[in-house]
Amino acid sequence: MTRFVPNFSTQQLLPPWVSLGARNWVFVVKVPPECLQTYVDTHFNCAAPDLAPYYYEPFDYPYAILRVTKHDNFSSSHGGVPGTQTLRKIDVNLAYPVNRWRVSPGNIRYDKKMVWIEPMAFDNNSYTMFSSREIWGNEVEMARIELDEDSHPNHIHVDVATQGLKTFSPKSVSHLIGVLHAELDPGAAVNLGALMERHRGLANFGGLMFASIGLKGGNDFKHNSELNTLKQFRDVFNMQVAVYRAIIASRTDHANVQDMKFYDGSDVQLDFMWSDSMAEALQQLVFGIGVTPPKNSPTGHPGGAHAIDGQKVDWDLTRWQKPVVVAASFTSDIRYDVTGTLHTYGG
Amino acid sequence: MIMGPQNIPFAQSASSQQVPPPYHFPGVTVTSFVWPVDISRVQTYCDDTFNLGTEQERGFTYRPAALWPYATLQFLDYPVMLSSNPLPQDIGEKPYSDRGIISQAEALISLPVIRYGTNPVTMITETSLEWAVPFIVVGNPMSSVCGREMLGLGKLLADITNGDDDYPNSFKGSIKLPFWPSLEPGVQMEDGEFLTVRTNPVLPTFRTSKSPKESLSTLFESRESALAIEEIASYSNLINDASLGLIPTNMRTVGLKQYRDAFDIERAIYQSIVTCASRYSNISEFKIFDEADITIKFNDRGSFNEILQVFLDVGDAPSNKFHTVKPVAGFRFMADIDFDQMRVIHSFAIDRENGLPPIPAQSDLTAEWARPLKGFFGPLQHPARNAK
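From a predicted model like this one, the values you see are computed outputs, not experimental measurements. (Residues numbered from 1 in each chain as written. Chains lettered and ligands numbered in written order. Predicted model: local features only at pLDDT ≥ 70, side-chain atom pairs only at ≥ 80, totals over all residues. Heavy atoms only, no water.)

## Remarks on the overall build of chain A
Going by this rule: In DSSP terms, a helix is any run of H or I states spanning at least four residues, a strand is any run of E spanning at least two, and both are numbered starting from the N terminus.
A count of helices and strands for chain A gives 5 helices and 14 strands. Counting only C-alpha atoms and orienting by the principal axes, one finds that chain A spans roughly 55 × 55 × 45 Å.

Shown next as C-alpha cells:
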C-alpha cells in the first residue's frame, strides 16, 4: 500500500463527520427536465477512457433542492474520537436525485437505485472545503455566507458570495460577487395537500427527499441517502488530463430531527445572481441550457448593498428569480460517511 | 515528461477553480526575511516528504543545502495574476488568459534542498538545487485550490495583511489562520494570528535601534554565504545574477502532490514530486531593512505548533507563547514573476483498489542544466531501469 504522507495542510476534518444540532433549510425548485442530463453524461456516463459499470439518468420528477445548513458543532469522528477539530460553518448546496443503474458487460441496465448528486456547493470554512474536494470529491467552492435567523421571528435571510468575474474579459478583475440571495418570510400555514395536487410529482419527490431523515428521532441510519461524487485531479500541466478520476459513494444521514416546519414556496424569495463565473452552472443546473435572464429582471441585492463578514460584496448583477415550490426547516444531527469507491477510471 | 499511463480525461467545467499554467505576475512586491534554520529539521522534512520508499527504488535523495542553512520568509503582493498559456486549452470555454485577472497576497517559507542522484552518472546529471516550500498561505480561494490540486503545494487559505508599519517605508505583515486553541475534542476553531513581522524603515534611516548595518553584508559575513557569493561584487550584481539561485529570486520549487483514498484515508491514490520554476525579472526598488530592527514572531499555540515543528526549533507540544526568530537579513523589491516549467519528476508506485493493476513508479529526474544534453544525446536511463 502506498501510504499518504500526512502533514498539517492535509490533516483537517478527516471523515466521518458529525454535526450536532444542525439547522437545515430546504427549498424545493422545479428544474427543466433536460437539466442535469449533460452534467451526468460528462461526469458519470462518459468513457474516461473506460466506462464505469453504472449509468446515471435524471430523475422522473423535475425537482431539485437547495439546502442551507448551519453547523454550530461540526467535527470529525476520525479514529473513533468524536468532537475532533470542532468548528462552526454554513454550507449551501444544490442537490438532485438521480437514477443510478448498474450496467452489465453486455450493456444491460439493471438494479436501479436512487442516489443524490450535488453539482453545486458552497462552504464558508476552508478546511472543510479542502476536505470535501480532496477526500470526498465534491467540487465545493469557498464562499462568504451569511445566514440571519434572529432578526425577525421565523424570518431567515441567506446571502452567498464568492470570488468571481462579472464578465469574462482580459480587463476584468476578480472580486467578491453575489451568487445567491434567499429570504423566507412565512405567511399563513402551508396547505401541503393543495401543494401536492398543484405540482405534479411533488408528493413522490417529497417522499424521496425525506426518506433520508429519521423523522421519529431514531438513530438507525438505514435511510436512502447515498451521495455520489466524481473525484478527479488534474495533471500538473495538461488541463485536459486527470491523474486520478473515480466515482465515490458516501452517505448523509439525519437523526434526532426536531422543529420540522413547512412553508409555502410563495413565502420564499430566491434569487440567483447572473455573472459569467456562474453562467454555466446556472444554465446547466437551474434554468436551462442556453437560457439567459429575462430582460426585465431586477438588479442588485434587495434592500441595497450588503456586506458579508465585513467584506464588501458586489451585488450589481442581474438578479434571476427562481420560484420555490415548497420549503422546510428542521434541526437534526447529521452524520457524513464515505462508503467506498464505486469505480476508478484508467483500469 | 511523465505521462500517466491511463490517459484519463478531466471533466471540464467553467466554474473549475483551477487555472492553467504557466502564470505571469507583473509588478509583484516581494518582502523577504532570512534566518538560520536547524539543518536537522530540514533533513526530517526531506525524509518525510520526498525520500519515500528506498533510495534504490526512487533513484534520488533530498538533503538540506548545507551551503545555505537558512529559511526565507516571503510576503508577496500580487496586483495582477494571469494565465499566460499561449496554447488553446480546448475546454470548450473562453480561454482562461482572456477571462480576467485576480490579485492576492501570499506568504511562504522556503528551504533550499538538493536532490542528489544516487550513482556516479546521475550524481552529475540529476543533482539539482530546489526550494522546498513547507509553509505557504494565500488570500485567494482559487489560488489555494489550484495550488493544492494541480501543483502539489499545501496552500492554506489565510487572511494576510502587509504594508507600511507606523513609519513610511517600514513593513508590517501578519497572517491569520483558522486553528484550534487546544487539541482536546470539542474545542471550537478560531481565527488566530499565526505570524507577525514588523520592521523599521528601509535603510538608510535614522530610525534604528543600533547603528545602521549594511544588513546583507552581515548575512554574507557567514562563511557559508561568503563561499556562495564570492564572485558577486555588489548588490546590483546580486540581484542581476540572482545569486547563483541561492537567494530565491530564481527558484525551482519542489512539492509532494498527493491525494488520499476516500475510504481508506491512510492510503494514497496518487503521489508524485512536482517541480516548478519561478523566475524573477525587471527587479527594481531593491531596499534593505536593518536586521537588528526586524521582529518576527510565530504563535506557538494550539494546532499552530504542528506547523511550527516543520521549520522552527519548537517543542512537540504547544508552549502557548510567541516564538521569536532572529533574522540575518530583510529586504524588499519589486519584480515580474513567471511561474512555469511544471514537471512531475517522479511519481511513486501506487497500489489500486477494485482489483486494478498497480501503477508503476516513473522518473524524469534530469537536472535543468542537463536537459539540453539529454535532448541531444537521447534519454538517460533511470537507475532502477538499468538495474533491471
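## Concerning the sheet that holds strand 14 (residues 321-325) of chain B
Residue and element names in this part refer to chain B. Short version of the rule: Any two strands are treated as partners once DSSP identifies two or more bridges connecting them. For every element, the axis is a line fit to its C-alpha atoms; helices are fit only across the contacting stretch, and the angle between N-to-C directions ranges from 0 to 180 degrees.
The strand order across the open sheet built from 5 strands is 8-9-10-13-14, with neighbouring strands paired in antiparallel fashion. Sheet topology places strand 8 (159-163) and strand 14 at the edges, where each strand pairs with a single neighbour. The sheet shows a mean angle of 20 degrees between the axes of neighbouring strands, taken without regard to direction. Where strand 13 (residues 295-300) lies against strand 14, 5 bridges are found, and the strand directions are antiparallel. The partner of D300 across the bridge, within strand 14, is K321.

## Description of the state of the cysteines
Convention followed: Cysteine sulfur atoms that come within 2.5 Å of each other are treated as a disulfide pair.
Tallying each qualifying case throughout the model produces 0 disulfides over all chains. Cysteine C46 of chain A is unpaired, with the sulfur of C35 of chain A as its nearest cysteine sulfur at 19 Å.

## Examining the side chain of R23 of chain A
How we decide: Pairs of N or O atoms within 3.5 Å make up the polar contacts considered here, provided that, within protein, one atom can donate a hydrogen while the other can accept it, and that residues adjacent in sequence are counted only when both atoms are side-chain atoms.
Residue position: R23 of chain A is located in strand 1 (residues 17-30). Within the structure, the side chain of R23 of chain A is placed 2.6 Å from the side chain of E149 of chain A, a separation counted as a polar contact.

## Considering the sheet that holds strand 7 (residues 144-152) of chain A
Residues and elements named next belong to chain A. Convention followed: The contact definition used throughout considers only heavy atoms, calling two residues in contact when any of these lie within 4.5 Å.
Taken together, 5 strands build an open sheet; the order of strands is 7-8-9-12-13 and the sheet is antiparallel. Only two strands of the sheet have a single neighbouring strand rather than two, namely strand 7 and strand 13 (318-321). When the angles between neighbouring strand axes are averaged without regard to direction, this sheet yields 25 degrees. Relative to the sheet, helix 5 (residues 276-287) contacts strand 8 (155-164), strand 9 (175-184), strand 12 (268-274) and strand 13, its axis offset from that of strand 12 by approximately 135 degrees.

## What to know about the packing of aromatic side chains
Put simply, the rule is: Put simply, two rings from Phe, Tyr or Trp (the six-membered ring, in Trp's case) pair if the centres are within 6.5 Å, and we call them stacked under 30 degrees between planes, edge-to-face over 60, tilted for the rest. Put simply, a charge is over a ring when the Lys NZ or the Arg CZ is close to the ring centre, within 6 Å, and near the line of the ring normal, within 35 degrees.
By the definition in use, this model includes 34 aromatic pairs over all chains. Ring pairs connect the aromatic residues F8 of chain A together with W35, F135, F179, F194, F298, F304 and F311 of chain B, which therefore count as one cluster. Geometry around F74 of chain A places K89 of chain A over its ring, the cationic atom sitting 4.6 Å from the centre. Above the ring of Y116 of chain B, the side-chain terminus of R63 of chain B is found at 5.1 Å from the ring centroid.

## Topic: the pattern of salt bridges
This is how it is decided: Each reported salt bridge corresponds to a side-chain nitrogen of Lys or Arg within 4 Å of a carboxyl oxygen of Asp or Glu. Remark: exposure states derive from per-residue accessible area (1.4 Å probe, protein chains only) relative to the maximum for the residue type, with buried under 20%, exposed over 50%, and partly exposed in between.
Under the definition given, this model contains 22 salt bridges over all chains. Residues R3 of chain A and E266 of chain B are paired through a salt bridge, measuring 3.9 Å at the closest nitrogen-oxygen approach. Of this pair, R3 of chain A sits in the segment before strand 1 while E266 of chain B sits in the loop between strand 11 (250-260) and strand 12 (268-289), on two different chains. Its salt-bridge partner being D337 of chain A, residue R335 of chain A comes within 2.7 Å of it at the nearest N-O pair. Accessibility expressed as a relative area gives 29% for R335 of chain A, which makes it partly exposed.

## A short note on the pairing of strand 4 (residues 70-83) of chain B
Residue and element names in this part refer to chain B. Strand 4 sits mainly inside the fold: 10 of its 14 residues count as buried. Here 10 bridges tie strand 2 (residues 23-36) to strand 4, and the two strands are oriented antiparallel to one another. Along strand 4, the bridge assignment pairs V30 with L76. Relative to strand 5 (residues 102-117), strand 4 is paired through 8 bridges, and the arrangement is antiparallel. If you follow L76 over to strand 5, its bridge partner there is E106.

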